[in-house]
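What follows is the residue order along each chain.
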Amino acid sequence: MLKTLLAPQFIGLYVLAASTVYVHFRGRERLRLGRQLGDHSTYLAPYNVLMYAGSAVPNQPVIPLEQFPELAKLHENWQTIRDEATRLFDEGFIRAAAKNNDWGFYSFFKSGWKRFYLKWYDDFLPSARSLCPQTVELLNSIPSVHGAMFAMLPPGGKLGAHRDPFAGSLRYHLGLVTPNSDKCRILVDGVQCVWRDGEAFMFDETFIHSAENATDVNRIILFCDVERPMKYGFMTAMNRWVSHHIVKASATQNVEGEHIGVLNKVFGKLYEVHLLGRRIKDWNRKVYYALKYTLTLAVLGLIVVSAFR
C-alpha cells in the first residue's frame, strides 16, 4: 500500500496540491476556492512556487523599480514611445483580437480592453517593426524584456480580479496617455497603483489584481513582461528555457499573416468547446456543473487507477 501511495502519479498530485494551497493563500486577496481549483494558476503552481523560492527580488505585490535599472531608458523616452502608441491608436491598430487566437487575454476583450503586440518572448512582430520602430529599438536594447505591447483600457472599462499564470516574469506598466486620476488604477493584492503620464511601476502579476478606468479618458500604457531575477544561475537558465520554448508558444498576431503559436492555435479549437459549455450552462446550470465535475473526477480516477497497475 505504501509503495502505491508513493507512486509517481500520487507524488505528482501531492506536489500539485501543496503548491496550489500555497498559491491560494499567498497574499491577502484570494479567489473563491471553486474558481481557484479550475484556474490556470493552479496547473502552473508547482513551477511558480519554485520561482518564488528562487526569486532575487522581494515576493511582494509591488516591487521597487530601483531593482531594474535597465528599464530606466523606457521611462526616459516615454514621450517617444507615447507618440508611436497614439499614432497606432488613431490608425486603429490597437484593437481586440479579430479571432479566438489570444488565449492569454481573451477574457479582457469583453470590457473593451485592446492591445497591439510589440514583442512576444524573443520575437518582435513584423507589424511592430514597421509601425513603431523607435519603441522596438528601445525594447531590443533591454534583453530582460521578454514580452511587450501597447494596452488600452477605455472609459468605464474594468478587469475583474484574477491571477496571471506565469511567475517567471514580472509586469511593468508605463503610463503613456492616461487620465492622471486616482479613478484610473490597478489594485495588486489590495495595493493601489495609479497610471499617470510618464510614470511607471512594477508588480507581480501572480498576485490577485483588478483594474478600472472610472473616467471619461482612454488609458494607454506600455505593458511589458520582464524576466524575474533569480538567485541562482541554473534557475535563470531553466526559467529562460521555459519562457522561450513554452510561453513563446502563446504568440498571436496584430495583423493577418503574422505567426500564431501552437498554444493559441489549440485555444482556438478549445474555445469552440468552451462556447458549447456556455450554451449548456445557460440552458441548465445543474447539468453544466454535473458534466464539469464528472469530467474532473474521471481524470483524477484515471490517474489513481494507473497508480495501482
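Criteria and cut-off values
Residues numbered from 1 in each chain as written. Predicted model: local features only at pLDDT ≥ 70, side-chain atom pairs only at ≥ 80, totals over all residues. Heavy atoms only, no water. UniProt positions renumbered as here; feature names shortened; annotations may be inferred. Phe/Tyr/Trp six-rings, centres within 6.5 Å; stacked < 30°, edge-to-face > 60°. Helix = DSSP H or I, 4+ residues; strand = E, 2+ residues; numbered from the N terminus. Buried < 20%, exposed > 50% of the residue type's maximum accessible area, 1.4 Å probe, protein only. Lys NZ or Arg CZ within 6 Å of the ring centre and 35° of its normal. Core = buried A, V, L, I, M, F, W, Y, C linked by side-chain atoms within 4.5 Å. Contact = heavy atoms within 4.5 Å. Expected span 1.5 Å × (residues − 1). Arc of directions from axis to C-beta. Axes fitted to C-alpha atoms, helices over the stretch in contact; angles between N-to-C directions. Left-handed = near helix turned anticlockwise from the far one by under 90°. Nonpolar A, V, L, I, M, F, W, Y, C, P; charged D, E, K, R; others polar. Patch = residues over 30% accessible without salt bridge, like charges linked within 9 Å, V, L, I, M, F, W, Y side chains within 5 Å. Areas by Shrake-Rupley, 256 points an atom, 1.4 Å probe, with all protein chains shown as cover. Salt bridge = Lys/Arg side-chain N within 4 Å of Asp/Glu carboxyl O. 1 Å grid on protein atoms, 1.4 Å probe; cavity = no way out; pocket = protein on both sides within 12 Å on 5 of 7 lines; lining within 4 Å. Points joined across faces, edges and corners; volume = space filled by probe spheres on them. Parallel < 35°, antiparallel > 145°, perpendicular 65-115°, else oblique.

The name given to the chain in an unreviewed UniProt entry is Beta-hydroxylase, with Bradyrhizobium erythrophlei as the source organism. Taken verbatim from the UniProt record of the chain, the Sequence similarities (unreviewed entry) comment is "Belongs to the aspartyl/asparaginyl beta-hydroxylase family."

K.L.:
Got a minute to help me understand the packing of aromatic side chains in this structure?
P.N.:
In this description, an aromatic ring pair is defined by two values, namely the gap between the centres and the angle between the planes. What the rule picks out here adds up to seven aromatic pairs. An angle of 40° between the planes, with centres 6.2 Å apart, marks the rings of Y22 and Y52 as tilted. Here the residue Y22 occupies a position in helix α2 (residues 8-25), and Y52 occupies one in helix α5 (residues 45-54), the gap between them amounting to 30 residues. With a centroid separation of 6.1 Å and an interplanar angle of 20°, the aromatic rings of Y232 and F234 are classed as stacked. With a relative accessible area of 44%, Y232 lands in the partly exposed category. F234 gets classed as exposed once you look at its relative accessible area, which sits at 58%. Here the aromatic residues Y117, W120 and Y121 are joined through ring pairs into a cluster of three or more. Cation over ring: R219 sits above W195, and NZ or CZ is 4.4 Å from the ring centre.

K.L.:
What is the right way to look at the nonpolar core in this model?
P.N.:
Across soluble globular proteins, nonpolar side chains show a tendency to be buried alongside one another. Membership of the largest hydrophobic core comes to 66 residues, with the highest contact counts inside it found for L71, L74, F116, L118, F150, L222 and C224. With seven residues, the single largest contributor to this core is strand β4 (residues 145-153). In contact with C224, other than residues within four places in its own chain, are L74, L139, V145, G147, A148, L170, R171 and Y172.

K.L.:
Looking at this structure, how should I read helix α10 (residues 233-245)?
P.N.:
Residues spaced three or four apart along an α-helix face the same direction, because each turn holds 3.6 residues. Helix length check: α10 (13 residues) gives 18 Å between terminal C-alpha atoms against 18 Å at 1.5 Å per residue, within 8%. By the burial criterion, the buried members of α10 are M235, T236, N239, V242 and S243. Taken end-on, α10 shows its buried residues confined to a sector of 130°, consistent with a single buried face. Seen from the buried face of α10, the exposed residues on the opposite side, beyond 90 degrees, are G233, F234 and H245. Contact partners of the buried residues in α10: α5, β4 and β11 (219-227).

K.L.:
Even after reading the chapter, I still don't get the side chain of H24, so can you show me in this structure?
P.N.:
With respect to the secondary-structure elements, H24 resides in helix α2. The buried category is assigned to H24, whose relative accessible area is 8%. Dropping the residues within four chain positions of it, H24 is found in contact with R30, L31, R32, L33, Q36 and R163.

K.L.:
I keep staring at the packing of α5 against α10 and nothing clicks. Help me out?
P.N.:
Helix packing for two helices is described by the angle between their axes and how far apart those axes are. Viewed as axis vectors pointing N to C, α5 and α10 meet at an angle of 145°, and their least axial separation amounts to 11 Å. For the pair α5 and α10, the crossing hand works out as left-handed. For the pair α5 and α10, the contacting residues are Y47, L50, M51 and G54 in the first and M235, M238, N239 and V242 in the second. For the contact of α5 with α10, the per-class residue count stands at six nonpolar, two polar and no charged.

K.L.:
Sorry if this is basic, but what is going on with a nonpolar patch on the surface here?
P.N.:
A contiguous nonpolar patch, built from W241, I246, V262 and L263 and spanning about 380 Å² of accessible area, is present on the exposed surface. Structurally, the position occupied by L263 is in helix α11 (residues 262-283). Using a relative accessible area of 35% as the deciding quantity, one classes L263 as partly exposed.

K.L.:
Got a minute to help me understand the layout of surface pockets in this structure?
P.N.:
Taking a probe equal in size to a water molecule and rolling it over the atoms shows the remaining empty space. Space inside the second largest pocket adds up to approximately 190 Å³. In terms of lining residues, the second largest pocket is bounded by 13 residues, among which D123, L125, A251, T252 and H259 are the most central.

K.L.:
Would you mind showing me how to read the packing of helix α7 (residues 78-90) against helix α9 (residues 133-140) here?
P.N.:
Between α7 and α9, the shortest axis-to-axis distance is 8 Å and the interhelical angle comes to 135°. When the axis of α7 is compared with that of α9, the two are oblique. Here the hand of the crossing between α7 and α9 comes out left-handed. Contact residues: T80, I81 and E84 in α7; P133, Q134, T135 and L138 in α9. Looking at the contact of α7 with α9, its residues break down into three nonpolar, three polar and one charged.

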